[in-house]
Amino acid sequence: MIEVQHLTKTYGSVTAVDDISFRVEPGEIVGLLGPNGAGKTTTMRVLTGYIPATEGKALIAGFDVFEQPIDAKQRTGYLPETPPLYPEMTVREYLTFVARIKGVSRVDRERRVEASMERTRVDDRADSHCGKLSKGYRQRVGLAQAILHNPDVLILDEPTAGLDPKQIIETRELIKSLAGDHTIILSTHILPEVSQTCERVVIIHRGRVVAEGTPDDLTARLRSTETISLQIDTSGADPTSALIAIDGVTGVRLNSDLASVVGAEVETVQGRDLRRDLAHTVVTNGWGLLELRSIRMSLEDIFLHLTTEEDVAAHNDAANLIKTTSETADA
Amino acid sequence: MRNILAIARKEVMSYFASPIAYVIIGLFALLFGYFYSAILAFFLRQSLQVGQFGFSGPTTVNINQDMIRPLMLNATVVILFVLPMVTMRSYSEEKRSGTIELLLTSPLSGLQIILGKFAGAMALYSMMLAVTLVHISILFVYGDPEWMPIATSYLGLLLLGGCFVSVGLLISSMTKNQVVSGMATFAVFLMLWVINWLADSTGPTTQEVLTYLSITEHFDDFSRGVLDTKHVVYYLSFIAFGLFLTAKAVDSERWKG
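Residues numbered from 1 in each chain as written. Chains lettered and ligands numbered in written order. Predicted model: local features only at pLDDT ≥ 70, side-chain atom pairs only at ≥ 80, totals over all residues. Heavy atoms only, no water.

Colleague: Talk me through the interface of chain A and chain B; I want residue IDs and the actual numbers.
Modeller: Facing the 29 residues of chain A at the interface are 26 residues of chain B. Buried area between chain A and chain B, summed over both chains or domains, comes out near 2600 Å², and the portion from carbon and sulfur atoms is 63%. Considering only the side of chain A, the residues that lose the most area to chain B are A:Tyr50, A:Arg100 and A:Ile101, jointly responsible for 25% of the buried surface there. Where chain A touches chain B, the interface holds one salt bridge. (Contact = heavy atoms within 4.5 Å. Buried area = accessible area lost by both parts, 1.4 Å probe. Salt bridge = Lys/Arg side-chain N within 4 Å of Asp/Glu carboxyl O.)

Structure, rendered in structure tokens:
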């Protein structure tokens with residue numbers, strides 16, 4: 001339904017999006033995840049035809065957003081980062097105007113406006129001016145505007161930004177309920193959002209796709225080390241040396257300074273379950289084993305892992321550059 | 001066409017949802033009314049003189065020539081000040097508030113948006129001019145003016161206003177800041193107004209070019225009741241060029257992001 005092929009967007013010398021490709025199948029909810037400034041908004045703006053791509057192309061329902069913009073836009077609903085509301089219009093007036101420019105026929109107009117207000121639960125404020133709405137309502141009116149002409153594709157740029165926790169949950173439920181009828185692509189930098197709403201995740205960093213897959217997939221694929229958390233009653237002894245001596249343990253981190261109970265996070269090599277060895281060691285040392293569980297790497301860890309690894313590399317590059325420059329200066 | 005109307009309707013609605021339309025139409029009516037009474041008083045004094053002294057004063061007075069024509073020329077000056085305020089927000093406000101993103105991602109062509117905005121501003125301008133019909137019809141009640149020069153004057157005012165609106169849209173599409181947009185539009189209007197002042201002190205070719213470019217030079221014939229296609233073509237091509245440049249400016253903004 002959505003196809004992005006080798007998309008590149010540069011602003012002068014700055015490359016905001018660098019050769020991104022991905023696909024979204026009909027009815028899917030896909031999350032674009034990335035830190036601020038990663039290129040999520042730029043990607044979405046190209047997809048909606050708001051800005052043209054420097055290179056590559058984007059297809060919505062088979063229509064090239066640049067070559068056949070009207071056809072593509074007809075099938076797209078878009079919620080920008082700030083909901084595009086006219087403060088002087090009432091919600092109903094605003095949605096009626098949007099219905100007109102989105103080509104909703106006169107007979108369907110009123111019905112569609114009412115239906116989308118109901119769906120996004122803004123019908124109780126239908127006659128309030130958009131400028132007087134709270135942030136939560138503004139966001140929902142923005143969403144109502146996006147689904148108004150019943151588009152095949154919904155592009156939502158940070159749909160839950162600035163909402164309170166209750167509204168966030170409601171909005172996520174709403175988005176989930178829209179999937180199936182619509183193909184949805186949403187961007188966020190909030191991790192739990194992705195694992196809760198999206199079926200698939202595309203992680204973008206510095207304008208590139210660094211990982212793609214279901215949240216479970218990513219978790220499995222990127223688990224290079226496993227962590228086991230322990231709570232032991234050592235009666236004051238330091239368990240580090242005993243634990244590190246076990247074959248396969250690569251690191252031990254103590255995270256409790258209580259006199260008797262010690263919490264330890266033990267990092268182990270991938271693919272070997274060391275829980276038995278750990279338990280055995282604890283018991284042979286005469287300590288009490290209070291808790292033992294293996295910790296799965298969360299999406300958050302993966303995200304940080306992916307985005308900081310590159311940062312370190314970039315940092316090294318920069319350091320090298322500075323070094324070479326100073327050497328040149330010396331010469 | 002339906003899309004153009006939808007945009008135009010929204011424009012007019014937002015003029016009337018804020019005090020803008022009321023202030024602009026109201027104050028324009030006030031100023032026009034003042035000019036009207038001042039010129040009328042002068043005209044009456046003149047006609048009285050002609051009646052009393054016959055050949056010693058001005059030989060004849062004509063209500064079209066001595067009353068309506070100066071009035072229309074004064075109206076163009078008021079328009080020079082008023083129209084920048086009508087157009088200054090059209091694109092600037094949409095860019096500032098982000099609603100431009102809605103328009104540009106809707107199934108509309110750039111040209112439809114521009115024509116819609118142009119039509120919206122022209123609608124407000126026409127309402128402004130419509131108020132002055134009241135003053136003119138009073139002249140028909142108490143006098144006997146010819147309607148032809150009046151009709152051409154209104155056509156001239158509409159075309160002149162159209163030029164201003166197209167320049168205003170162009171400038172508004174280039175900035176987010178309404179004050180910058182308004183001031184720059186006013187400066188360009190004024191420049192177009194007085195561009196022929198230099199004409200007399202330049203060579204013959206430049207003189208001709210400058211005179212041709214002057215936006216008021218072309219209004220003169222309209223105010224006399226002369227409908228010359230040369231002037232109509234000038235105004236229409238001016239408007240088309242302005243709107244064309246606006247389309248280009250909106251597009252280039254998108255490329256820049």
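That shown, we press on.
Colleague: Which residues make up the pattern of salt bridges, and what are the values?
Modeller: Residue and element names in this part refer to chain B. One pass over the structure, following the stated rule, counts 20 salt bridges over all chains. Note that Glu93 is salt-bridged to Arg96, the shortest N-O span being 3.1 Å. Here Arg96 and Glu93 lie together in helix 4 (residues 90–97), a separation of three residues that amounts to about one turn. Linked through salt bridges whose partners overlap, the residues forming this network are Lys10, Glu11, Glu94 and Lys117. (Helix = DSSP H or I, 4+ residues; strand = E, 2+ residues; numbered from the N terminus.)

Colleague: Can you break down a nonpolar patch on the surface residue by residue, with the values?
Modeller: On the surface, B:Phe140, B:Trp147, B:Met148, B:Leu155 and B:Leu227 cluster together to form a nonpolar patch covering roughly 510 Å² of accessible area. By residue number, the principal contributor to the nonpolar patch is helix 7 (residues 147–172) of chain B, which donates three residues. (Patch = residues over 30% accessible without salt bridge, like charges linked within 9 Å, V, L, I, M, F, W, Y side chains within 5 Å. Areas by Shrake-Rupley, 256 points an atom, 1.4 Å probe, with all protein chains shown as cover.)

Colleague: Give a description of the side chain of B:Ser14 that names residues and reports values.
Modeller: Tracing the sequence through the fold places B:Ser14 in helix 1 (residues 2–17). A distance of 3.0 Å separates the side chain of B:Ser14 from the backbone oxygen of B:Glu11, its partner in a polar contact. Setting aside residues up to four positions removed in sequence, B:Ser14 forms contacts with A:Glu88 and B:Arg89. (Polar contact = N/O pair within 3.5 Å; in protein donor to acceptor, adjacent residues only side chain to side chain.)

Colleague: Provide a residue-level description of the layout of surface pockets, including the pertinent values.
Modeller: Within this model, the largest pocket holds a volume of roughly 380 Å³. Looking at the lining of the largest pocket, the elements that each hand over two or more residues are helix 4, helix 5 (99–104) and helix 11 (229–256) of chain B. The greatest single-element share of the lining of the largest pocket, amounting to four residues, is contributed by helix 11 of chain B. Across the lining of the largest pocket, the residue classes break down as six nonpolar, four polar and eight charged. Its boundaries defined by the atoms lining it, the second largest pocket holds a volume of some 330 Å³. Those elements that provide at least two residues to the lining of the second largest pocket are helix 2 (69–74) of chain A together with helix 5, helix 6 (110–142) and helix 11 of chain B. Residue contributions to the lining of the second largest pocket peak at five residues, all from helix 11 of chain B. Among the residues making up the lining of the second largest pocket, the classes are represented as 14 nonpolar, three polar and three charged. (1 Å grid on protein atoms, 1.4 Å probe; cavity = no way out; pocket = protein on both sides within 12 Å on 5 of 7 lines; lining within 4 Å. Points joined across faces, edges and corners; volume = space filled by probe spheres on them. Nonpolar A, V, L, I, M, F, W, Y, C, P; charged D, E, K, R; others polar.)

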